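Single-letter residue listing:
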Amino acid sequence: MFCSISGQTPEDPVVSTKSGHLYEKRLIEKHLREEGTDPVTKEALSVDELLSLKANPAVKPRPPTATSVPGLLSLFHNEWDALMLEQHSLREQLNSVRQELSQSLYQHDAACRVIARLIQERDTARAELATAQKAAPVAAVNNGKRALEAEDESAAKKAKGGITPEILGVMTGLSKDLSKGRKKRKPAAELATAEEIAEYTQVLSQPLHKTTSQGITCCDLHPTDANIMVTGGMDHDVVVFDKGAGKITSKMTGHSKKITAVNFVPKTPEVVVSSSADKTTRVWKGDGTCAAVLSEHSKDVTSLSVHPTSKYFVTASLDSSWCFYDLESAQCCQQVKHSKVESGYTAATFHPDGLILGTATQDNLIRIWDMKSQDIVWVNPAEDGHASPVTGMSFSENGYHLATCAADGIRLWDLRKPKCFKTFNPYAQGTATNCVKFDYSGMYLGVGGGDVKIYGVKSGDVKVIKEFQDVPKAVTALSFGTNAKMVAVASKDRNLRLYSTA
């Protein structure tokens, strides 16, 4: 009798009461623990269904070859040869399996790459389709409509009627009212004091743009709701964030290069205007749809500024021109390219009264323009100017101070003289100053570069009130909230930070 598993005479035989097959007890019990079935019939079988058999113990006879030393040596030699042959066979099988596995992994990796590329192409196509659908029927901001022409660039630019007497009348009337009101206006009772600003701490750090981009390039705070803010990034997107709700309420896509400037329209705060290095300026409605695409410039649009009337805005470009736009009709009224300006514009901003425009160009010069004549009324003397292109400029609400910044620091200008009355560098040599901003009262000046510094400005004296040094990367933009109760800071680490009282 032989074991149905090993083929050897069992030392402790048992028989299956179901199939009648004979097994070595230790072998069948191990098999049942692992499989639970009869190894021959594959039927369910348990240990209780095994019947032990009594058998006389037998001494296994030696094979004839093992009865002498030469025979044993021959037996061992044969077993050794068989072992080596089996090992060689196993190695060949292992190599074969390895090759098959390597090929399978390579095919899997290639398939994953193809799938990822197809998904990316699909997502890009969807985004382009969505952008095209938004921009196709371009509506005006309020009730006008402006169709995007699919013709060549020259045909797409409509005839410019210039800054008409009606427009100048609106601007002049507002300027007179603002000028009169400024003389009587006193700092608001709710204005943050220097002591309060000195106690400001970070209350929010919110990532708003893609991790693959190099951060936020510009920002602006809602003129009436302190919880709403807008940013532009290197990822080509314009993002509106609601601090109160703690979420992004709108992401505006359409630009194809980095955003260079973004602004709420003060009297129509649901409207946002953005400019980009893709040579265009876009007007966005509150629901995130594009209301107008403006493409008068032939190079990067570097700056924009909304007029105090909230009816017009100006853009400046590296093509050495600036454009004056009517916001309601979304049309360019006039594109100004002066014979004395050969370098591209790096910054532009309206004076608080709206009849003066300040610009800066790549040749390090600052120019003041009269909006009535669209002509230059002042250029800074070279000896008083910056040694590098101006990266930011801001008029004080007092009406006669202008702050400019560049890689060589800050300069404060008195427009009544006009002359530079203060020069200082807030950072060590090698650290550029990227942005400068007065608050609405004109009493505080925010500076951004290696970190953020808030200065008190009074009677020509400038004194540091607060330094925010917890920004890991370069600061690119900042903005004051109402009554300087909050400071918003944008940086290259794609986080928008808010500083206020805890």
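All values derive from a computational prediction rather than experimental measurement.

1. Here's the deal with the pattern of salt bridges
Scanning the entire structure with this criterion turns up 11 salt bridges. The closest approach of N and O atoms between Lys18 and Glu49, which form a salt bridge, is 3.6 Å. With Lys18 in the loop between β1 (13-16) and β2 (22-24) and Glu49 in the loop between α1 (25-34) and β3 (50-52), this pair connects stretches of sequence that are 31 residues apart. Note on Glu49: relative accessible area 23%, which makes it partly exposed.

2. Let's talk about the side chain of Ser274
As for its position among the elements, Ser274 is in strand β10 (residues 268-276). Among the polar contacts listed, one links the side chain of Ser274 to the side chain of His255, at a separation of 2.8 Å. With residues near it in sequence (within four places) discarded, Ser274 still touches Val238, His255, Ile259, Ala261, Val262, Thr280, Thr281, Arg282, Trp284 and Leu304.

3. Quick word on unusual backbone geometry
Following Lys417, the chain continues into Pro418 via a peptide bond in cis, with omega recorded as -10 degrees. Here Pro418 is to be found in the loop between β23 (409-414) and β24 (419-424). Residue Ala484 is not a glycine yet carries a positive backbone phi of 55 degrees. Its place among the elements puts Ala484 in the loop between β29 (475-480) and β30 (487-491). Residue classification places Ala484 among the buried positions, given a relative accessible area of 1%.

4. Regarding the sheet that holds β23
Within a sheet, neighbouring strands are paired by backbone hydrogen bonds and run either parallel or antiparallel to one another. An order of β21-β22-β23-β24 is seen for the four strands of this open sheet, with the pairing classed as antiparallel. Two strands close off the open sheet at either side, each with one partner strand: β21 (392-395) and β24. Neighbouring strand axes in the sheet, compared pairwise and without regard to direction, differ in orientation by 20 degrees on average. Inspection of the sheet shows β23 paired to β24 by five bridges, in the antiparallel sense.

5. Observations regarding a nonpolar patch on the surface
On the surface, Val69, Leu72, Leu73 and Phe76 cluster together into a nonpolar patch covering about 390 Å² of accessible area. Looking at where Phe76 falls in the secondary structure, it is placed in helix α2 (residues 69-135).

6. Let's talk about the packing of aromatic side chains
By the definition in use, this model includes six aromatic pairs. A ring pair is formed by Trp378 and Trp413, whose centres lie 5.6 Å apart and whose planes are at 70 degrees; its orientation type is edge-to-face. With a gap of 35 residues between them, Trp378 in strand β20 (residues 375-379) and Trp413 in strand β23 connect regions that are remote in the sequence. For Trp378, a relative accessible area of 14% gives the class buried. A relative accessible area of 1% means that Trp413 is categorised as buried.

7. Here we look at the nonpolar core
The biggest cluster of nonpolar side chains holds 20 residues, and the ones touching the most others in it are Ile167, Met171, Trp322, Phe324, Leu357, Trp369 and Met371. Contributing elements (two or more residues each) for this core: α4 (165-184), β14 (312-317), β15 (322-326), β16 (331-336) and β17 (345-350). Once residues lying within four places of it in the same chain are set aside, the contact partners of Met171 are His307, Tyr312, Phe324, Asp353, Gly354, Leu355 and Met371. Residues Ala192, Tyr200, Ile454 and Val489 belong to the second largest nonpolar core, which totals 18 residues.

8. Focus on the confidence of the model for the protein chain
Per-residue confidence for the protein chain averages 89 on the pLDDT scale, and 93% of its residues sit at or above 70. In this model, residues 137-159 is a region of pLDDT below 50 whose contacts with residues beyond four sequence positions or in other chains number 42 contacts.

9. Points about the pairing of β14
Each regular strand shows side chains that alternate between the opposite faces of the sheet. Judged by how many residues are buried, β14 sits mostly within the fold: six of six residues are covered. Residues of β14 alternate between two faces, with Tyr312, Val314 and Ala316 on one and Phe313, Thr315 and Ser317 on the opposite face, all of them buried. Here strand β13 (residues 301-306) pairs with β14 via five bridges, running antiparallel. Pairing of Ser305 across the sheet is with Val314, part of β14. Counted along the chain from β13 to the antiparallel partner β14, the turn is five residues long, and its residue Ser310 has a positive phi close to 65 degrees. Sheet analysis places β14 next to β15, joined by five bridges and oriented antiparallel. Bridge pairing in β15 links Val314 to Phe324.

So, how was this worked out
- Residue indices follow the written sequence of each chain, beginning from 1 at its first position.
- Restriction of local features to residues with pLDDT of at least 70 applies here, the model being predicted, together with a cutoff of 80 or more for giving and counting side-chain atom pairs; totals for whole chains, interfaces and linings are based on all residues.
- As a convention, hydrogens and water are excluded, and side-chain values are obtained from all of the structure's heavy atoms.
- Any carboxyl oxygen of Asp or Glu that lies within 4 Å of a side-chain nitrogen of Lys or Arg is treated as forming a salt bridge with it.
- Counting from the N terminus, the helices are DSSP H or I runs at least four residues long and the strands are E runs at least two residues long.
- Burial status follows relative accessibility: with a 1.4 Å probe on protein chains alone, a residue under 20% of its type maximum counts as buried, one over 50% as exposed, and anything between as partly exposed.
- Two N or O atoms form a polar contact when they lie within 3.5 Å of each other; inside protein one atom must be a possible hydrogen donor and the other a possible acceptor, and for residues adjacent in sequence the pair counts only when both atoms belong to side chains.
- The contact rule is simple, with two residues in contact once any of their heavy atoms fall within 4.5 Å.
- Any two strands between which DSSP finds at least two bridges are classified as paired.
- Here, axes are lines fitted to C-alpha atoms. For helices the fit covers the stretch in contact, and angles between N-to-C directions go from 0 to 180 degrees.
- Residues forming no salt bridge and having over 30% relative accessible area are the ones grouped into patches, like charges within 9 Å of each other and nonpolar side chains (Val, Leu, Ile, Met, Phe, Trp, Tyr) within 5 Å.
- Residue-level accessible areas treat just the shown protein chains as cover; the underlying method is Shrake-Rupley with a 1.4 Å probe.
- Geometry of aromatic contacts follows a simple scheme: Phe, Tyr and Trp rings, the Trp one being its six-membered ring, pair when their centres are within 6.5 Å, and the pair is stacked under 30 degrees between planes, edge-to-face over 60, tilted otherwise.
- Working definition of a nonpolar core: buried Ala, Val, Leu, Ile, Met, Phe, Trp, Tyr and Cys residues. They are joined through side-chain atoms within 4.5 Å.
- A residue's pLDDT is simply how confident the predictor is in it, with values from 0 to 100.

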